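An overview of the molecular structure
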Amino acid sequence: MSLPIDLSGRRALVTGVTSGLGAGIATALAQAGADVAGCGLEPEAHSGATAFKAAAAACDRRAFYRACDVSDGGAARAFVDWAAESLGGLDLIVSNAGRSFFTGATVTDEATWQANLDLNLAAHWRIAQAARPWLAQAPKPVIVIIASNHAFYTLPGCFPYNVAKAGLLALVQSLAIEWGPHTRAVGVAPGFIDAPMAAGWFATFPDPVTKRAQVEAIHPIGRLGTPADIGALVAYLCSPLAGFITGTTITIDGGRSALMQDV
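Residue numbering note: each chain is counted from 1, following its sequence as written. Confidence filtering applies because this is a predicted model: local features only for residues at pLDDT of at least 70, side-chain atom pairs given and counted only at 80 or more, and all residues used for totals across whole chains, interfaces and linings. Only heavy atoms go into the side-chain values, all of them from the structure, while hydrogens and water stay out.

**Re the sheet that holds strand 3 (residues 63-67)**
Pairs of strands are assigned from DSSP output, requiring at least two bridges between the strands. Here a strand is any run of E in DSSP of at least two residues, a helix any run of H or I of at least four, and the numbering for each starts at the N terminus. Read from one edge of the open sheet, seven strands run 3-2-1-4-5-6-7, paired in parallel fashion. Edge strands, defined here as strands with exactly one partner in the open sheet, are strand 3 and strand 7 (248-252). Shown here is a sheet whose adjacent strand axes are inclined to one another by a mean of 15 degrees, direction ignored. Contact between two residues is taken to exist if any of their heavy atoms lie within 4.5 Å; hydrogens are not considered. Geometry is summarised by axes, namely lines fitted to C-alpha atoms with helices restricted to the contacting stretch, and by angles between N-to-C directions that run from 0 to 180 degrees. Each of strand 5 (142-146), strand 6 (184-190) and strand 7 is contacted by helix 5 (residues 161-179), which is oriented at about 170 degrees to strand 5, the strand it contacts most.

Put into structure tokens, the structure is as follows:
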């Protein structure tokens, strides 16, 4: 399948490509014609890393993978330079890597607070900072930062994850204002996505099938999102078709935020 979006000749960096959203985004960019350098926590022999490279190869695109913990500032910056050297430059940055820290405002300890900020907020800024010299050499570069619907509205017990994700909205605004007009910066705020993390959450209930049906029912679209849904939006935002979109974060949540929920 090929997307009706042309990113031919564009060189993309995507973090967290071994599963879930990152895998869907990397595949969509390759389908649109981009070469991709990706990272994840897993070694290169891991099935997620090999699947990432295979998906790009199926589209006749180049793919490079490196294990990296982007919450480590030095490792994140080294990954960006490695990706640029592997691809021969960078045009597109998709800062996606993150994970849930759901502990609650009362019980969150200092270590959890800091780990959450390092991964879910600071890492995105560090990736962007490291990429800026490379983007300065590229025509009409784009930075896409993956936030969350928790940046706009949240639930009990989702602190401090929601705090970091809310900070990404401001990061996107600042990058767009200060690095434009040369560089566009856009945020994407996914809702409930059918990915490994969701499967693990459903498995914590006595009847996962019933719980899944309940969650699907509170979405006006009647289903959960998929990594491919997010990938298609990101590919569009990286394309000239989205040339007037910058400094904003777009919610993609199947309409869940439009519907008031009864207790």
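Right, picking up where we left off after that structure.
**Here we look at the side chain of Asn 116**
Along the chain, Asn 116 turns up in helix 4 (residues 110-135). Buried residues are those whose accessible area, probed at 1.4 Å on protein chains only, stays under 20% of the maximum for their type, while exposed residues exceed 50% and partly exposed ones sit between those limits. Overall, Asn 116 belongs to the buried group, its relative accessible area being 0%. If we ignore the near neighbours within four places in the chain, the residues touching Asn 116 are Phe 101, Leu 121, Pro 160, Tyr 161 and Ala 164.

**Remarks on the pairing of strand 6**
With seven of seven residues buried, strand 6 lies mostly within the body of the structure. One ladder, built from five bridges, connects strand 5 with strand 6; its direction is parallel. The residue bridging Val 144 from the neighbouring strand is Val 186, located in strand 6. The handedness rule is simple: strands pointing away from the viewer, and a clockwise path from the first strand over the helix to the second, make the crossover right-handed. Traced from strand 5 through helix 5 to strand 6, the parallel crossover comes out right-handed.

**So, the packing of aromatic side chains**
Each aromatic ring pair is specified by the distance between its two centres and by the angle formed by the two planes. Whether two aromatic rings pair depends on their centres lying within 6.5 Å, for rings of Phe, Tyr and Trp, where Trp uses its six-membered ring; planes under 30 degrees apart make the pair stacked, over 60 edge-to-face, and the rest tilted. For the coordinates displayed, the defined rule picks out eight aromatic pairs. Each ring, one from Phe 102 and one from Tyr 161, has its centre 5.1 Å from the other, and the planes form 90 degrees; the classification is edge-to-face. Of the two residues, Phe 102 is situated in the loop between strand 4 (92-95) and helix 4 and Tyr 161 in helix 5; the sequence distance between them amounts to 59 residues. Take Phe 102: its relative accessible area is 42%, and that puts it in the partly exposed class. An aromatic cluster of three or more residues is present, and its members are Phe 192, Trp 201, Phe 202 and Phe 205. A ring has a charge above it when a Lys NZ or an Arg CZ is no more than 6 Å from the ring centre and no more than 35 degrees off the ring normal. We note Arg 99 situated over the ring of Phe 101; from NZ or CZ to the ring centre the distance is 4.0 Å.

**Considerations on the pattern of salt bridges**
By convention in these notes, a salt bridge is any Lys or Arg side-chain nitrogen within 4 Å of a carboxyl oxygen on Asp or Glu. Tallying each qualifying case throughout the model produces eight salt bridges. As a salt-bridge pair, Arg 61 and Asp 35 come within 3.2 Å of each other at their nearest N and O atoms. Note that Arg 61 is positioned in the loop between helix 2 (47-58) and strand 3 and Asp 35 in strand 2 (residues 35-40), a separation of 26 residues in sequence. A salt bridge links Glu 216 to Arg 212; the nearest nitrogen and oxygen atoms lie 3.0 Å apart. With Glu 216 and Arg 212 both in helix 7 (residues 208-217) and four residues apart, the pair spans about one turn of that helix. What makes Glu 216 partly exposed here is its relative accessible area of 21%. Linked through salt bridges whose partners overlap, the residues forming this network are Arg 10, Arg 11 and Asp 91.

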